Amino acid sequence: MRGIPAVEDILHWPAVQALEARVGRRFLTARIRETLAGLREQLRNGPLPGADVPVAQPLLESRIHKAVEQGLAYSLLPVINATGVVLHTNLGRAPLSREALQHAAEVACQYSNLEYDLATGARGQRDAHASRLLQELLGAEAAVVVNNNAAAVLIALNTFAEGGEVIVSRGELIEIGGSFRIPEIMQKSGAVLREVGTTNRTRTSDYANAIGEKTKLLLRVHPSNFRIVGFTQRPAVEEIVELGRKAGIPVFEDLGSGCLVSMAALGIQDESPAGESLAAGVDVISFSGDKMLGGPQAGILAGRKDPINQIRRNPLFRALRVDKLTYAVLETTLQAYLANQLDRIPSLRMMQISLQDIEQRAVSLLKACSSAQSELHMELVSGESVIGGGAAPGQTLPTRLIALRHTIYGAAKLEKLLLANQPPVVARIEADAVLLDLRTVFPEQEKALAEAILSLASN
Ligand SMILES: *Cc1c(COP(=O)(O)O)cnc(C)c1O
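Residues numbered from 1 in each chain as written. Predicted model: local features only at pLDDT ≥ 70, side-chain atom pairs only at ≥ 80, totals over all residues. Heavy atoms only, no water.

Draft legend 1. Spatial organisation of the overall build of the protein. When you go through the protein residue by residue, the secondary structure sums to 18 helices and 18 strands. Taken along the three principal axes of its C-alpha coordinates, the protein extends 85 × 55 × 45 Å. Per-residue burial for the protein yields a buried fraction of 48% across its 459 residues. In the protein, of all internal contacts separated by at least 6 residues, the share reaching a separation of at least 24 is 74%. (Helix = DSSP H or I, 4+ residues; strand = E, 2+ residues; numbered from the N terminus. Buried < 20%, exposed > 50% of the residue type's maximum accessible area, 1.4 Å probe, protein only. Contact = heavy atoms within 4.5 Å.)

Draft legend 2. Quick look at the side chain of His88. Residue position: His88 is located in the loop between strand 2 (85-87) and helix 5 (98-108). The exposure class of His88 is buried, given its relative accessible area of 17%. Excluding residues within four positions of it along the chain, His88 makes contact with Asn81, Thr83 and Arg93.

Draft legend 3. Broad picture of the site of the ligand. Around the ligand sit 14 residues in total, of which Ala150, Ser224, Asp254, Ser288 and Lys291 are the nearest. Here an oxygen atom of the ligand sits 2.8 Å away from a polar atom, N or O, in the side chain of Lys291. For the ligand, whose free accessible area comes to 380 Å², the fraction covered by protein is 95%. Within the shell around the ligand, the residues separate by chemical class into 5 nonpolar, 6 polar and 3 charged. (Near = heavy atom within 4 Å. Polar contact = N/O pair within 3.5 Å; in protein donor to acceptor, adjacent residues only side chain to side chain. Areas by Shrake-Rupley, 256 points an atom, 1.4 Å probe, with all protein chains shown as cover. Nonpolar A, V, L, I, M, F, W, Y, C, P; charged D, E, K, R; others polar.)

Draft legend 4. Spatial organisation of the sheet that holds strand 11 (residues 251-254). Across the sheet, 7 strands lie side by side as 5-13-12-11-10-6-9; this open sheet has mixed pairing. Of all strands in the sheet, those bounded by a partner on one side alone are strand 5 (142-146) and strand 9 (192-196). Neighbour-to-neighbour, the strand axes of this sheet turn through a mean angle of 25 degrees, independent of strand direction. Relative to strand 10 (residues 215-221), strand 6 (residues 165-169) is paired through 3 bridges, and the arrangement is parallel. Its bridge partner being in strand 10, Ile167 is matched across the sheet by Leu218. The sheet contacts of helix 10 (residues 237-247) involve strand 10 and strand 11, and relative to strand 10 the element is tilted by about 175 degrees. (Pairing = 2+ DSSP bridges. Axes fitted to C-alpha atoms, helices over the stretch in contact; angles between N-to-C directions.)

Draft legend 5. Quick look at helix 14 (residues 324-338). With 15 residues, helix 14 extends 21 Å from end C-alpha to end C-alpha; this agrees with the ideal 21 Å at 1.5 Å per step. All of the buried residues in helix 14 are Thr326, Tyr327, Ala328, Val329, Leu330, Thr332, Thr333, Leu334, Ala336 and Tyr337. Directly after helix 14, the chain includes Asn340, whose backbone phi takes a positive value near 55 degrees. (Expected span 1.5 Å × (residues − 1).)

Draft legend 6. Representation of the environment of Gly163. Within the fold, Gly163 resides in the loop between helix 7 (149-161) and strand 6. Taking the C-alpha atoms as reference points, Gly163 and Glu276, separated by 113 residues in sequence, lie 30 Å from one another. If we skip the residues at most four places from it in the chain, Gly163 touches Gly190, Ala191 and Lys216.

Draft legend 7. Broad picture of the environment of Arg22. Among the structural elements, Arg22 can be located in helix 2 (residues 14-23). Take Arg22: its relative accessible area is 51%, and that puts it in the exposed class. The contact partners of Arg22, leaving out residues within four places of it in the chain, are His65, Glu69 and Leu72. In terms of polar contacts, Arg22 uses its side chain to reach the side chain of Glu69, at 3.4 Å.

Draft legend 8. The domain arrangement of the protein, seen in detail. What the domain assignment lists for the protein is domain 1 (7-72), domain 2 (80-89 + 350-458) and domain 3 (96-342). Using C-alpha coordinates to define each centre, domain 1 is positioned 40 Å away from domain 2. (Domains from an automatic or database assignment.)

Draft legend 9. Seen up close, the pattern of salt bridges. All chains considered together, the criterion is met by 24 salt bridges. One salt bridge in this structure joins Glu99 and Arg344, with 2.6 Å as the shortest N-O distance. Here Glu99, found in helix 5, pairs with Arg344, found in the loop between helix 14 and helix 15 (346-352); they are 245 residues apart in sequence, far enough to count as distant. Given the relative accessible area of 21%, Arg344 is considered partly exposed. Note that Arg234 and Glu172 form a salt bridge whose closest N and O atoms lie 2.7 Å from each other. With Arg234 in the loop between strand 10 and helix 10 and Glu172 in the loop between strand 6 and strand 7 (175-176), this pair connects stretches of sequence that are 62 residues apart. The class of Arg234 is partly exposed, set by a relative accessible area of 38%. Taken together, the salt bridges that share partners define one network made up of Glu115, Arg123, Arg126 and Arg321. (Salt bridge = Lys/Arg side-chain N within 4 Å of Asp/Glu carboxyl O.)

Draft legend 10. Here's a closer look at the pairing of strand 18 (residues 433-437). Burial of strand 18 is extensive: 5 of the 5 residues sit out of reach of the surface. Residues of strand 18 alternate between two faces, with Ala433, Leu435 and Asp437 on one and Val434 and Leu436 on the opposite face, all of them buried. With 4 bridges joining them, strand 15 (residues 396-406) and strand 18 adopt antiparallel strand pairing. Within the sheet, the bridge partner assigned to Leu401 lies in strand 18 and is Asp437. In the sheet, strand 17 (residues 428-430) pairs with strand 18 via 3 bridges, with the strands oriented antiparallel. In the sheet register, Arg428 faces strand 18, and the bridge partner there is Leu435.

Draft legend 11. View of unusual backbone geometry. Omega for the peptide link from Gln422 to Pro423 comes to 0 degrees, which places this bond in the cis form. Along the chain, Pro423 falls in the loop between helix 17 (411-420) and strand 16 (425-426). With a phi close to 50 degrees, Arg93 is a non-glycine residue in the positive phi region. If you trace the backbone, Arg93 turns up in the loop between strand 2 and helix 5. One non-glycine residue, Asn340, lies in the positive phi region at around 55 degrees. Note on Asn340: relative accessible area 62%, which makes it exposed.

As structure tokens, then:
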């Protein structure tokens with residue numbers, strides 16, 4: 001250990017001084033300390049091969065150099081999503097189009113009319129950039145955007161029911177990933193949860209019997225990521241609306257994923273367009289921007305003018321607002337719906353790829369990997385792609401998968417090697433095979449994927 005030079009001395013080495021000129025002393029010193037700590041740790045486990053006492057200067061210099069490069073590398077990186085889960089929450093949910101990002105770059109790299117009304121030359125409202133499109137697409141009187149759907153639910157509950165009771169069915173007290181639970185968000189909103197019915201069956205009369213002086217809101221929640229099948233009952237949205245009307249209590253529906261148009265053409269049956277809830281008389285709905293919609297992370301609130309204005313006046317609205325980048329990407333996404341050009345939205349495009357196209361691409365990939373060593377076995381198998389994002393949980397899209405097996409490495413080892421690839425490849429494991437689904441791999445990523453597979457074989 002005594003052979004390790006002091007930080008002060010290292011800072012005088014010419015190669016290190018050259019680094020300092022690039023990155024500054026503060027950052028460099030931290031990297032040197034890191035490198036020395038690593039070295040000490042290593043030396044505790046025995047002498048370094050090829051390193052003498054004192055520790056050779058070139059060895060340290062190269063390690064410091066590496067530490068500087070690593071310290072300056074991005075943490076947020078693109079990956080190849082070969083899982084077949086289109087809206088993968090851990091992989092950034094909906095991938096965005098270049099077109100949308102181009103609009104965002106154009107708006108954000110210059111000044112914009114974010115909150116400036118060009119017609120009057122006076123202060124404007126930022127929601128103007130999405131409201132008009134959302135109103136038209138949803139048939140809503142008004143619409144606003146907040147940071148995500150969790151924020152939308154929070155502000156809706158707080159606006160309509162703080163200090164009062166919210167009636168919700170026991171069958172809808174859901175938890176979705178990332179610790180969003182209806183009872184907890186309710187508590188934070190300052191409203192009191194009034195559960196009615198049972199897990200599998202709730203009737204309109206259960207809601208009716210629970211309505212009292214303290215009731216401020218009737219809440220309906222899309223049971224996003226699970227299905228109860230068998231002996232079940234859930235009132236139609238029209239019945240809840242009628243009940244609310246009679247009692248003079250507003251109805252709010254958290255649609256979770258939500259969608260603007262029928263997804264039946266994609267083989268997705270249980271997501272009805274969000275506008276249908278409003279047409280049925282629900283006062284306010286909310287849904288995510290980056291689930292089925294295929295846009296940026298955002299929470300969309302739409303409905304009647306008065307309740308939406310109430311939300312807009314809530315001080316929380318200022319705390320939960322979104323920035324110009326979100327508006328730019330959302331505007332591009334909504335425009336694609338308005339023009340009925342859904343293939344401008346990458347996630348929807350992926351959901352529409354046919355089985356034949358996926359199979360054809362998989363066969364080409366197998367061909368591109370035909371030089372792989374004989375230890376690596378690749379075959380085509382049938383399987384299912386998943387929508388993800390809590391949308392249509394019971395429904396999958398038929399696909400063709402590439403199953404990878406290795407005579408020496410198990411599937412877990414192959415998975416690890418794929419994750420260590422540049423770019424990282426994220427795959428599924430089933431029955432001791434690594435499964436690759438090209439539905440969620442962009443065609444321009446296929447070459448890199450083939451290289452990743454080939455490098456497995458030569459590992
Ligand atoms: C996904 C989801 C949310 C949370 O939406 P985020 O946009 O992820 O914040 C809330 N409620 C339901 C029913 C959901 O499915």
